[in-house]
Amino acid sequence: MSTPSNTPHSDVKAANSAENSSAAAVKSGLFERFFKLSSHNTSVSTEVIAGITTFMTMVYIVFVNPQILSAAGMDASEVFVVTCMISAIGCIAMGLIANLPIALAPAMGLNAFFAFSVVVGMGVSWQIGMGTIFWGAVCFAIVSLLGIRSWILTNIPKCLRIGIPSGIGLLIAMVGFSNAGIVVASPATMITVGDLSSLECVLGALGFFIIVILASRGIHSAVLVSIAVVTAIAALMGDIEYTGIVSMPPSISNTFGELDLAGSLDVALMGVIFSFALVSLFDSSGTMIGVTEKCGFTDKRGRFPRMKQALMTDSATSVVGAYMGTSTVTAYIESSAGVAAGGRTGLAAIVTGLLFILVIFFSPLAAMVPGYAVAGALVYVGILMSSELAKIDGKDLTESAPAFITAVMMPFTFSITEGVAAGFITYCVLKAGTNRWREIHPGVAIVALLFIIKFAFVDGH
C-alpha cells in the first residue's frame, strides 16, 4: 500500500500522463479527420517517416537547379532560395488540397531546356525565357481546368509519350557530362572527350558511381550522399572555398517577379511556350499516375482519387514558380520512395514541404557545391528517364522511329522543342505513308501541322 506522502506525487504523475495522452489524442484526431489516416491504413509516424524519405531522395534539386539556372545568368543563391520556397509551397499545397503523398519541385530537364536551349541557344534574356515558362504554365493550368489535359494524355501515341521524357533524359545526361568536362566542344567533330585526368572529370565520375552503387543497394539518399562526398573532397583539395553552412537566406528581389511577360510573347517563342506546356503535361501527369499506382489508388484508365485537385495544384504551382523565378514545377517520381516507406496521404507531402523550408537557411552550403558535384546526378536522372525506351515495340518502325527521332533530336539539337516537333511530324508522315491514317488522332495531326507552319514561316524568316 502506498504511503500518504506518496499519494499527491502519484496523483500529479497520473494527471500529467492523462493530460499528455489527451493532447496526443486530440492531435491524432485532427490528423485523422483531415487526412483520413485509418482509412488509408497508415499513421502519423508512418507519414512523417515517408515525408522524410521523399525529401532525402529529392533534396538534390536545391543544389542542381541553381547550378543549371545560373548558366542563364541568374543568381545561384537567389535561385536556391526560390527552389526551396516553391518546392515547399507545392508539397504543402498538394498535401492540403489533394491529400496525396506527391511532392512537387522544379522539373529536371525543363530547367536545362530553359538555360541552355532558350536563353543561351536562342540568345534571349533570362527574364524573357522565364516569361515563356510562365505562359507555358498558364496554358498548362487552362488545359487542366477545362479537362483537356486528360483528353490529350489519352490520345497522344505511346511512342511519343515515351520518346519525349527519354529525349529529355538524354539531354540532361549530356549537360551532366559537360559539367564534369567529360564532353567538350570540338570544331572538327562538334563534340569530343575532355581531359579525363582533370579533377572535375575524376570527381564527376566518382559522384556518378557513388549514386548508382548506393541506389542499386536501395539507399534512397544516394544523390545527396554523392553531392556531399564530392563537395567535401573538392574542399579538401582546395578547389572550393569554405563559406559557412548556415545563414539567413539572401534576398530574392532580383529574381522574384522579374520575368518579361510582354517580351516573351514574341511569335518566334511560341514553339518554346508550347513545348513547356506539352512537356509539363506529360511529365507531371505521368509521374502522378506512377506514384498513385504504387499506392494502389489508380484504376485501369490511370485515374486516381482527387485527380482534378492534384492536377490543378501542380499546374497552379508552376505559374507561381515562374513568377518567383524558377523553371516549371512538376511532380517528382522520388515520391515513390516515400510511398515505399508507407506514405499514403498528404501528410507525407506536407512533411517534405516543411523540410524544404528548413533547407532555406543552408544557402552558404549550396553555394559551395561545384558544377561537377551535380554532374553525376544529372547523368543518373538521364538514365532513369531514358529507360522507358525499352517499352517501345521495335518491330513496328512506325512506332519505334518516331520515338527514336524524338529522343535523339533533343540532345543533338540541344532543344526539347525541336525533338517534340520532329517526333510529331515523323509519326504522322510514317503512319500516312504506310496507309495507316486511322491511327493518327486529329489532335496529333494538328500539333504536327502547327510545327510545320512554325518551321516554314517562323524559323525560316
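The rules behind each value
- Residues numbered from 1 in each chain as written.
- Predicted model: local features only at pLDDT ≥ 70, side-chain atom pairs only at ≥ 80, totals over all residues.
- Heavy atoms only, no water.
- UniProt positions renumbered as here; feature names shortened; annotations may be inferred.
- Helix = DSSP H or I, 4+ residues; strand = E, 2+ residues; numbered from the N terminus.
- Rg over C-alpha atoms; globule rule 2.2 N^0.38 Å.
- Buried < 20%, exposed > 50% of the residue type's maximum accessible area, 1.4 Å probe, protein only.
- Contact = heavy atoms within 4.5 Å.
- Areas by Shrake-Rupley, 256 points an atom, 1.4 Å probe, with all protein chains shown as cover.
- Lys, Arg positive; Asp, Glu negative; His and termini not counted.
- Charge placed at Lys NZ, Arg CZ, Asp CG, Glu CD.
- Phe/Tyr/Trp six-rings, centres within 6.5 Å; stacked < 30°, edge-to-face > 60°.
- Pairing = 2+ DSSP bridges.
- Disulfide = S-S within 2.5 Å.
- Core = buried A, V, L, I, M, F, W, Y, C linked by side-chain atoms within 4.5 Å.
- Axes fitted to C-alpha atoms, helices over the stretch in contact; angles between N-to-C directions.
- Parallel < 35°, antiparallel > 145°, perpendicular 65-115°, else oblique.
- Nonpolar A, V, L, I, M, F, W, Y, C, P; charged D, E, K, R; others polar.

Going by the annotation in an unreviewed UniProt entry, the name recorded for the protein is NCS2 family permease, with Shewanella fidelis given as the source organism. Per UniProt, the protein has the following entry under Subcellular location (unreviewed entry): "Cell membrane".

K.L.:
Tell me about the overall build of the protein, and name the residues and values.
P.N.:
Counting its secondary structure elements, the protein contains 19 helices and four strands. At 24 Å, the protein has a C-alpha radius of gyration in line with the 23 Å of a compact globule built from 461 residues. Considered along the principal axes of its C-alpha atoms, the protein spans approximately 95 × 55 × 45 Å. Across the 461 residues of the protein, 51% fall into the buried class. In the protein, the share of contacts with a sequence separation of at least 24, taken over all contacts with a separation of at least 6, comes to 81%. Put simply, the protein shows about 20,300 Å² of open surface, and 67% of that area lies on carbon and sulfur atoms. For the protein, the separation between the mean place of its 21 positive charges and that of its 25 negative charges on side chains is 16 Å.

K.L.:
Can you tell me about the packing of aromatic side chains, naming the residues and giving the values?
P.N.:
Within the structure shown, the criterion is met by eight aromatic pairs. Ring centres of phenylalanine 274 and phenylalanine 451 lie 5.4 Å apart, and the angle between their planes is 70 degrees; on these two criteria the pair is classed as edge-to-face. Of this pair, phenylalanine 274 sits in helix α11 (residues 270-295) while phenylalanine 451 sits in helix α19 (residues 442-459), and the two are 177 residues apart along the sequence. On the basis of relative accessibility, which here comes to 30%, the residue phenylalanine 274 falls in the partly exposed class. You can call phenylalanine 451 buried: its relative accessible area is 3%. Taken together through their ring pairs, the aromatic side chains of Phe31, Phe34 and Phe35 make up a single cluster.

K.L.:
An account of unusual backbone geometry is requested, with residue identities and associated values reported.
P.N.:
Residue lysine 36 is not a glycine yet carries a positive backbone phi of 55 degrees. For asparagine 435, which is not glycine, the phi dihedral falls at a positive 60 degrees. For asparagine 435, the position within the fold is in the loop between α18 (416-433) and α19.

K.L.:
Tell me about the pairing of strand β3 (residues 190-193), residues and numbers included.
P.N.:
Bridge analysis of strand β2 (residues 183-186) against β3 gives four bridges, and the strand direction is antiparallel. Across the sheet, the residue bridging to valine 184 is threonine 192, located in β3.

K.L.:
Outline the state of the cysteines, listing residues and values.
P.N.:
Applying the stated criterion across every chain yields a total of zero disulfides. With no disulfide of its own, cysteine 295 lies closest to cysteine 91 among cysteine sulfurs, the gap being 15 Å. Look at cysteine 295 and you get buried, because its relative accessible area is 10%.

K.L.:
Which residues make up the nonpolar core, and what values do they have?
P.N.:
The tendency in soluble globular proteins is for nonpolar side chains to be buried side by side. Val62, Val64, Met108, Phe114, Ile416, Val420 and Phe424 are the most contacted members of the largest nonpolar core, which has 118 residues in total. In terms of residue count, the dominant contributor to this core is helix α4 (residues 76-98) (10 residues). If we skip the residues at most four places from it in the chain, phenylalanine 114 touches Leu69, Ala72, Met74, Val119, Trp126, Gly129, Met130, Ile133 and Phe276.

K.L.:
I'd love a proper account of the packing of helix α5 (residues 110-122) against α11, names of residues and values included.
P.N.:
As a packed pair, α5 and α11 sit with axes 12 Å apart at the nearest point and diverge in direction by 170 degrees. Viewed along their axes, α5 and α11 adopt a mutual orientation that is roughly antiparallel. Seen from α5, the contacting residues are Leu110, Phe113, Phe114, Val118 and Met122; seen from α11, they are Val272, Ser275, Phe276, Val279 and Ser280. Grouping the constituent residues of the contact of α5 with α11 by class yields eight nonpolar, two polar and no charged.

K.L.:
Which residues make up the side chain of serine 327, and what values go with them?
P.N.:
You can see serine 327 is positioned in the loop between α12 (307-324) and β4 (329-331). With sequence-adjacent residues up to four places away left out, serine 327 is seen in contact with Asn65, Leu69, Pro106, Ala107, Leu110, Asn111 and Ile133.

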